[in-house]
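Each chain, letter by letter, is given below.
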Protein chains: 2
Amino acid sequence: MSIPANDPKKRSWIDVDKNSDFPIQNIPFGVYSTEATGVRVCTAISDFVVDLFELAKAGLLANVGIEESAYAQPVLNSVMKSGKAGIRKLRSRLSELLDENNSDLRDDAALRELVIKKQTDVEMLLPVQVGDYTDFYSSIEHATNVGTMFRDPNNALLPNWKHIPVGYHGRSSSIIPSGVPIHRPVGQTRPDDSAPPVFGPCKLLDFELETAFVTFEGKPLGDRISTSEADDYIFGLMLFNDWSARDIQKWEYVPLGPFLAKNFASSVSPWIVTLDALEPFRVEGPKQDPPVLPYLECEGNKNIDLNLSVLIKPENSDEHTVCESNFKYMYWSMNQQLAHHTVNGCNVKCGDMMGSGTISGKEPSSYGSMLELSWKGTKPIQMPDGSERKFLQDGDTVIMRGHCQKDGVRVGFGEVSNKILPAK
Amino acid sequence: MSIPANDPKKRSWIDVDKNSDFPIQNIPFGVYSTEATGVRVCTAISDFVVDLFELAKAGLLANVGIEESAYAQPVLNSVMKSGKAGIRKLRSRLSELLDENNSDLRDDAALRELVIKKQTDVEMLLPVQVGDYTDFYSSIEHATNVGTMFRDPNNALLPNWKHIPVGYHGRSSSIIPSGVPIHRPVGQTRPDDSAPPVFGPCKLLDFELETAFVTFEGKPLGDRISTSEADDYIFGLMLFNDWSARDIQKWEYVPLGPFLAKNFASSVSPWIVTLDALEPFRVEGPKQDPPVLPYLECEGNKNIDLNLSVLIKPENSDEHTVCESNFKYMYWSMNQQLAHHTVNGCNVKCGDMMGSGTISGKEPSSYGSMLELSWKGTKPIQMPDGSERKFLQDGDTVIMRGHCQKDGVRVGFGEVSNKILPAK
C-alpha cells in the first residue's frame, strides 16, 4: 500500500533533527492543553505540537470533513469517529500543510504563532477515552520465560498458547498518560504459603513493556472482524506500560486472572502513531507452528520493526537502559488479536485499547519486565549509581521509548514516563 | 437508617397489585423510548412507567436539583452524577408525587397523559452506559460446586477464596438489555485433549444467575473506598445474566481467566432498583471463617434477602422454573467487593458495574447455572414439553426474576429475558 504522507523524500519547512521521533512522515495524534487554549487535538513535528483546532478555524482543514469542534475535545474519540478514511484524509492534509513546498502555514506568521507550539510549553493529556481495554499475552519469549520460572522449563508454554492469542480484560478507568506519578499499590499477598495472607505495600512492583493499539468503531455485536479486515479498524499505536504488582498477582490470579495486580494504573504515551505511518516498517512475524486455525490465518507482513527500550531513572540519578526489545518479535499479530477477540461476535468500539502483552526477545537484555530481567529477583540489575534492582523502588521513574527506522526515516513514539511514589 | 420513601404504610393513587414488583416503596430507575417521545428517564409503578422529563418540564421536580436535560438522555449516567444525595432527593420527591394524598399529578389529567404510560407500550433501554465492568465470584456454594466438579471435592475452594472476594474484569461493550436476542457464540474449543483444537458453535452454552450493582462516581485514582463508605457509592442493583460458553472457557481460561467465553454478551434488567429501596430487606450474611483482613471487615447486615429465579422457555413452549435462589446466600458482600476493588487505589467511576458472580444456594434446585444444575451434563433437567436440557438450546429464552418481600411490601426487579438464536 502506497501512502503519500509516508514518502521518505518529503521534507518539512520545519527543521527536523535526524534523531527526532517526529518527522513529516509520522504525523501522530494527541491532545495538548495550556491555560490559554484549553484542550486541543494536535499533531507533532520535530519538537513542536501543531494545533489542529487553530488550523481548522483558519479554514485549512476544510476539505477533511471533520467538524471543527472535534479538534477542541479533551480526547481524540470525536476525531476518530471519522474512521480510517477520515483519519487518512486528515493525516494527508497535515502532511501537505507541513511540506516544505506548501506556503499556507509556512508564510503566515500570525497563524504560525497560534498553531505551532513547543512541546515543552504544553501539557499532553491522555489521548483517548478508552471504553474497553484488553491485554494480550502474545510474546512467545515472555510466555516461555514466565512458564519456565513458575511452572516447568520443559513445558513452559501452556497447551492453548500456540493456538489462541491469549488475552484478558483489563481496567479502563485507571489508564493514565505519561507524566502522572503512581503510588505503590497496597494489597493482600501471601509471602508464606504456610501462614495466612498479609496486607501491605506491594514488594514486587514491576513494569511491562508493551504497545497498545486503539480501535475505530467496529462492527455490531454478533459480527466478526477478519484478520484481513483488521487493519481498517486499527487507528494507531501507543507505548504502554502495564504496571504489575507481582506479589499481589501471585496470590489473587488463580483461577480468574490478574485483577488488583494490574488495575492500580496503566500508562500510555501521549502520541498515537497511526498504523498508516508504521506501514513502511512492516516485517514478517515468527513462523507459527503448529499452524493456526483458519480464522487466525494472516496474509502479508503483519509485524512491525519497532525498536523499544526501557530505562529506569532512580531518584536523583541518571536514567539507565535496562531493556532493549523490539515489537517485531511478537508471535501473534494485532490482526490475529482483533480477529480472535471478535470471532465470538464481541463488539469493538471507537476508542477501545488492546495491549500486546510484555514484549520480550530472545536475549536476556531484551526481556520486557523486571520479573524476567532479574529472573524472579535472583539476578539483580546493577545501576550506575551503585544501587541494584530486583524490582522497582520508590522514587524510580520508568521510561519507555520506541521508534522505527528505515530508508533514512525515523518514526517514533516519544516516551511514556512515570515516577513511582511511596504507598499511600 | 430510616428512608421515608420506604415507609411500608405508604399507598399510591395508582392501584398496585400485591404481586407487582413496583409498589410506591420501590421507585426504581430506567430509560424508556417511544417513537413519539424519544429517550426518557423514568421510574416504574405498577404496570406503568413514569416519565421524569415530563415531570421536570411541568416543574414538579424543581427542588431536586437535577438539570431537566438529564431526564432526556439515553442512559441514567447524567442523573446519577447527582450522587447518593441527589438520587435520594429525587426518589423521595417521586414518592411524594405518587402518594395517594398528593394531588399534583393525580388530579391533572392532561399531565398524567404525558407522564404515565403502560410498560407494554414502551421500549426499555440499557439503563446505564457502563464504563468498566467487573465480575466477582462471591457465592461459596457456586465456587464449591465448580471446584468439586473440576478439581478436588475434598479441596473444592482454592486457597485464596476465603481471603479475597475474587474478581476479574469483564467486557462493557457487549452488555445488552433484556429483550435483545443473542446468537450462540462460535469459537475455539478442544473437546479431545489428545487432538488439536477445533472451531465451531459453542456446545455448552450456559446462563449465570447474578445481580450487578452500579456505582456513583468514586474517589480519585489512588484512594480507597472502605467497607463502611461503600453504600454511599452504590446507586442500585440490576438482575444480571452472565452468559457463559463453558467449552470455550475450558480451553481458554488458564492462566489469564475467562475471555471469549463471556464477552459475547451479558444481559441486564431494564430497572435499577436503588440500594435505598433494598434497605428494609437487609439480612446478616454467612459467618466468615477464617476471619477476613481488617480492610474487609464489615459492620451491620450487608446481605439482602432477594428471591431469585431462573426460567427457561423453549421455543413454542411454556416457561419452566429451573432454579430458585437468593442473593442473601452470598459469602462476600457488595461492601467487601468494592473495598477490595479499590484497596490498591483503583478508581471507580459513575456507571461502573460489578457482578456478584453466580448466585447458588445449598440445595441443588438453587444452583445458579446449567453447569451446576445438570452437574456438568450428567443430570439433565426435564422440561414440561418432554425435552431435556444439559445446557441451553437454540430457541430457548432465559428469564431471570427477582423480588424482596417483607411486612406486606414487595420490591422487585421485573425480569431480564433474552432468547438464544442459532450461531451466525
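Numbering of residues begins from 1 in every chain and follows the order in which that chain's sequence is written. Naming scheme: in the order in which they are written, chains are lettered from A and ligands are numbered from 1. Local features in this predicted model are restricted to residues of pLDDT 70 or higher, and side-chain atom pairs are both shown and tallied only at a pLDDT of 80 or more, whereas totals for entire chains, interfaces and linings draw on every residue. Only hydrogens and water are set aside; all other atoms, that is, all heavy atoms of the structure, feed into the side-chain values.

## Concerning the interface of chain B and chain A
Working step 1: At the junction of the two partners, chain B supplies 56 residues and chain A supplies 56 residues.
Working step 2: When two parts are put together, the accessible area they lose, computed with a 1.4 Å probe and summed over both, is reported as buried area. Summed over both partners, the interface of chain B with chain A comes to about 5400 Å²; 61% of that surface belongs to carbon and sulfur atoms.
Working step 3: The largest contributions to the chain B side of the interface with chain A come from B:Arg171, B:Leu256 and B:Phe259, which together make up 15% of the buried area.
Working step 4: Salt bridge, as used here: a side-chain nitrogen of Lys or Arg that lies within 4 Å of a carboxyl oxygen of Asp or Glu. Inspection of the region where chain B meets chain A yields six salt bridges.
Working step 5: With its nearest N and O atoms 3.5 Å apart, the salt bridge here joins B:Asp132 to A:Arg171.
Working step 6: As used in this structure description, the phrase polar contact means that two N or O atoms lie within 3.5 Å; if the pair is within protein, one of them must be able to donate a hydrogen and the other to accept it, and residues adjacent in sequence are counted only when both atoms belong to side chains. Inspection of the region where chain B meets chain A yields 32 residue pairs in polar contact (both at pLDDT 80 or more).
Working step 7: Runs of H or I in DSSP of at least four residues are treated as helices and runs of E of at least two as strands, each being numbered from the N terminus. Broken down by secondary-structure element, the contributors of at least two residues to the side of chain B that touches chain A are β6 (133-136), β7 (167-170), β10 (186-189), β11 (198-201), α6 (246-252) and α8 (334-342) of chain B. For this analysis, residues touch if any pair of their heavy atoms sits within 4.5 Å.

## A few points about the environment of A:Leu90
Working step 1: Residue placement: A:Leu90 occurs in helix α3 (residues 83-98).
Working step 2: Every residue in contact with A:Leu90, bar those within four places of it in the chain, is listed here: A:Phe29, A:Leu52, A:Leu61, A:Val64, A:Ile66, A:Tyr71 and A:Val79.

## What to know about the packing of aromatic side chains
Working step 1: Centres within 6.5 Å are what make two rings of Phe, Tyr or Trp a pair, Trp counting through its six-membered ring; a difference in plane orientation under 30 degrees is then read as stacked, over 60 as edge-to-face, and the rest as tilted. This structure, assessed with the given rule, holds 18 aromatic pairs over all chains.
Working step 2: Ring centres of A:Phe136 and B:Phe259 lie 6.1 Å apart, and the angle between their planes is 90°; on these two criteria the pair is classed as edge-to-face. Highlighted residues: A:Phe136 in strand β6 (residues 133-136) and B:Phe259 in the loop between α6 and β16 (266-268), drawn from two different chains. Here the two residues A:Phe136 and B:Phe259 agree in accessibility, since each one is buried.
Working step 3: A ring pair is formed by B:Tyr367 and B:Trp375, whose centres lie 6.2 Å apart and whose planes are at 40°; its orientation type is tilted.
Working step 4: Buried, partly exposed and exposed residues are distinguished by accessible area as a fraction of the type maximum, computed with a 1.4 Å probe on protein chains only: under 20%, between the cut-offs, and over 50%, respectively. Residue B:Tyr367 is classed as buried on the basis of its relative accessible area, which comes to 11%.
Working step 5: Relative accessible area serves as the criterion here: at 24%, B:Trp375 is assigned to the partly exposed category.

## What about the relation of the copies chain B and chain A?
Working step 1: For the match of chain B to chain A, the screw axis carries a shift of 0.0 Å, the RMSD comes to 0.0 Å, and the turn is 180°. What we have between these two chains is a two-fold relation. No C-alpha of chain B lies nearer the rotation axis than that of B:Gly257, which sits 2.2 Å from it. Each copy is superposed on the other by least squares, with the fit set by C-alpha atoms of residues at a pLDDT of at least 70 in both.

## What about the domain arrangement of chain A?
Residues and elements named next belong to chain A.
Working step 1: Domain start and end points were adopted from an automatic or database domain assignment. For chain A, the assigned domains read domain 1 (4-124) and domain 2 (133-421).
Working step 2: Spacing between the C-alpha centres of domain 1 and domain 2 amounts to 29 Å.
Working step 3: Contacts between the two partners involve 29 residues from domain 1, matched on the other side by 29 residues from domain 2.
Working step 4: Carbon and sulfur atoms supply 61% of the area buried between domain 1 and domain 2, which totals about 2200 Å² over both sides.
Working step 5: Summed over the three residues of domain 1 that lose the most area to domain 2, namely Asp-21, Met-80 and Lys-84, the buried surface amounts to 30% of that side.
Working step 6: For the interface between domain 1 and domain 2, the tally reads two salt bridges.
Working step 7: Here Arg-410 makes a salt bridge to Asp-21, at a shortest N to O gap of 2.9 Å.
Working step 8: There are eleven residue pairs in polar contact (both at pLDDT 80 or more) connecting domain 1 and domain 2.
Working step 9: The classification used treats Ala, Val, Leu, Ile, Met, Phe, Trp, Tyr, Cys and Pro as nonpolar, Asp, Glu, Lys and Arg as charged, and all other residues, Gly among them, as polar. Its residues assigned to classes, the side of domain 1 that touches domain 2 shows 13 nonpolar, ten polar and six charged.

## Regarding the sheet that holds strand β20 (residues 307-313) of chain A
All names here are of chain A.
Working step 1: DSSP bridges decide pairing: two strands pair if at least two such bridges lie between them. Taken in spatial order, the five strands make up an open sheet running β9-β26-β25-β20-β21, and their pairing is mixed. Among the strands making up the open sheet, the edge pair consists of β9 (182-183) and β21 (320-326).
Working step 2: Of the strand pairs in this sheet, β20 and strand β25 (residues 397-406) are connected by seven bridges, and their pairing is antiparallel. The residue bridging Asn-307 from the neighbouring strand is His-403, located in β25.

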